[in-house]
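# Survey of secondary and tertiary structure
Residue-level listing of the chains:
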Amino acid sequence: MSAPTKGKARRGSRPSAPAAPELEREHGLELLHGMLRIRRFEERAAELYSLAKIRGFLHLYVGEEAVAVGAMQALTPDDAIVATYREHGQALARGLPPGSLMAEMFGKANGCSRGRGGSMHFFDVSRRFYGGYAIVGGGLPIAVGLALADKLQGRERVTACFFGDGAVAEGEFHESLNLAALWQLPVLFLCENNLYAMGTAIKQELARTDIALRAESYGVAAEAVDGMDVLAVEAAVQRAAQAVRSDEGPWLLELRTYRFRAHSMADPDLYRTKEEIERWKERDPIVLFSARLREAELLTDDNLARLEAEIAAELDEAVAIAEAGPWEPVEDLLKDVYTPPQE
Ligand SMILES: Cc1ncc(C[n+]2csc(CCOP(=O)(O)OP(=O)(O)O)c2C)c(N)n1
Ligand SMILES: [Mg+2]
């Protein structure tokens, strides 16, 4: 299939065929490391939640790692990232230090949002990581605003906005796509379609479930991508980001993926069958990509053991940073909550 033309989604868009460029060992291992690192971080977060070290809401990204890792490879440090409450993967792939993320989830003052946001509100201006939003669809208009500022100030950069399939039924999705297309803004909409919005299956929520196709009605170029294939994600985001960067207007990629764990730690996950989950696990992005690397003789057991050991040590250190972090002093309780009148 050829690349879709500007403003046109593929009819009945099917995920694009996996890209088959020559895979270099270093790059392959970097992608695998990125995905494994997110998986192990999430597993550690789940453990710490059951120990009540992490409290509040916790939404894990297990199963969706190829989306964050593939996409972030194709973006530059100058591009802006806007994500959802399921944003640990994006934050790690963007380079936010795991210690500052753990500390944030512990509610400590050395967290990336000074312990005030928790799991759903990671933020780091220095890395142009603009949230972390608990409100479904809440990041979309913010991304459009960031892109509008870039356009008005003549900066050639992209704002990448991750959001879930659940946001597609929100007014903010429609308003954001319309304005982005109308004003030809440099936004890359990255829809993580994991087929569920909490316990609601996409088929129970949307009359038309082909999200890439829906973008067409707004004049936004779009494509559906296999979100379990890290190379396919990377290649698609590279193409789309290039188009957006060249002032060809906004793009939407529908990244078809699946979360292996419940919606959040509080969800008993009773709305889907074990068989369905197992079927999707056969397409685990880490398993698929490891097999591909082994087939190409780019990965050995030793390589994998080294990656695992490196990640485990990094996460031990992250937890230690969170444990050692200070609590915000009680006198700061109202700081930044209300702005005092300016003299
Ligand atoms: C505006 C708004 N409505 C409802 C909720 C409650 N809520 C939290 S998560 C969620 C599901 C969102 O699903 P999706 O966008 O597909 O993201 P996923 O959790 O699958 O990553 C809902 C409805 C909310 N946070 N914000
Ligand atoms: Mg979803």
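Residues numbered from 1 in each chain as written. Chains lettered and ligands numbered in written order. Predicted model: local features only at pLDDT ≥ 70, side-chain atom pairs only at ≥ 80, totals over all residues. Heavy atoms only, no water.

Before going further, it helps to examine the pattern of salt bridges. Enumeration according to the criterion identifies 23 salt bridges in this entry. Two residues, D124 and R127, come together in a salt bridge whose shortest N-O distance is 2.6 Å. Assessed through its relative accessible area of 12%, D124 is described here as buried. With its nearest N and O atoms 2.8 Å apart, the salt bridge here joins D150 to R155. (Salt bridge = Lys/Arg side-chain N within 4 Å of Asp/Glu carboxyl O. Buried < 20%, exposed > 50% of the residue type's maximum accessible area, 1.4 Å probe, protein only.)

To continue, consider the nonpolar core. Of all hydrophobic cores here, the largest spans 74 residues; its most connected members are L188, L190, V237, L253 and F289. V237 has contacts with A71, A74, L75, L188, L190, Q242 and L253, leaving out every residue within four places of it along the chain. Counting 30 residues, the second-largest nonpolar core is a separate cluster that includes Y130, L206, A212 and A222. (Core = buried A, V, L, I, M, F, W, Y, C linked by side-chain atoms within 4.5 Å. Contact = heavy atoms within 4.5 Å.)

Below, the discussion takes up the coordination of the magnesium ion (ligand 2). Coordination of the magnesium ion (ligand 2) by the protein comes from D165 (OD), N194 (OD1) and Y196 (O), over a distance range of 2.1 Å. Mapped onto the sequence, the donors of the magnesium ion (ligand 2) take the spacing D-x28-N-x1-Y. One end of the pair, D165, is in the loop between strand 2 (159-164) and helix 6 (171-182); the other, N194, is in the loop between strand 3 (187-193) and strand 4 (196-197), and 29 residues separate them in sequence. A single burial state applies to D165 and to N194, both of which are buried. (Donors = N, O, S within 2.8 Å, 3.2 Å for Na, K, Ca; no water. Helix = DSSP H or I, 4+ residues; strand = E, 2+ residues; numbered from the N terminus.)

On to the layout of surface pockets, then. In this structure, the largest pocket spans a volume of roughly 380 Å³. Taken together, 27 residues form the lining of the largest pocket, with Y85, V136, G164, G166 and H263 sitting closest to its centre. At the level of secondary structure, the elements contributing two or more residues to the lining of the largest pocket comprise strand 2 and strand 4. Per-element tally for the lining of the largest pocket: the top contributor is strand 2, with three residues. Broken down by class, the residue content of the lining of the largest pocket amounts to 13 nonpolar, nine polar and five charged. By volume, the second largest pocket is sized at about 220 Å³. (1 Å grid on protein atoms, 1.4 Å probe; cavity = no way out; pocket = protein on both sides within 12 Å on 5 of 7 lines; lining within 4 Å. Points joined across faces, edges and corners; volume = space filled by probe spheres on them. Nonpolar A, V, L, I, M, F, W, Y, C, P; charged D, E, K, R; others polar.)

Time to look at the state of the cysteines. Enumeration according to the criterion identifies zero disulfides in this entry. In this structure C112 is a free cysteine whose sulfur lies 18 Å from that of C161, the closest cysteine sulfur available. Counting only cysteine sulfurs, C161 is the nearest neighbor of C191, a cysteine outside any disulfide, at a range of 9.9 Å. (Disulfide = S-S within 2.5 Å.)

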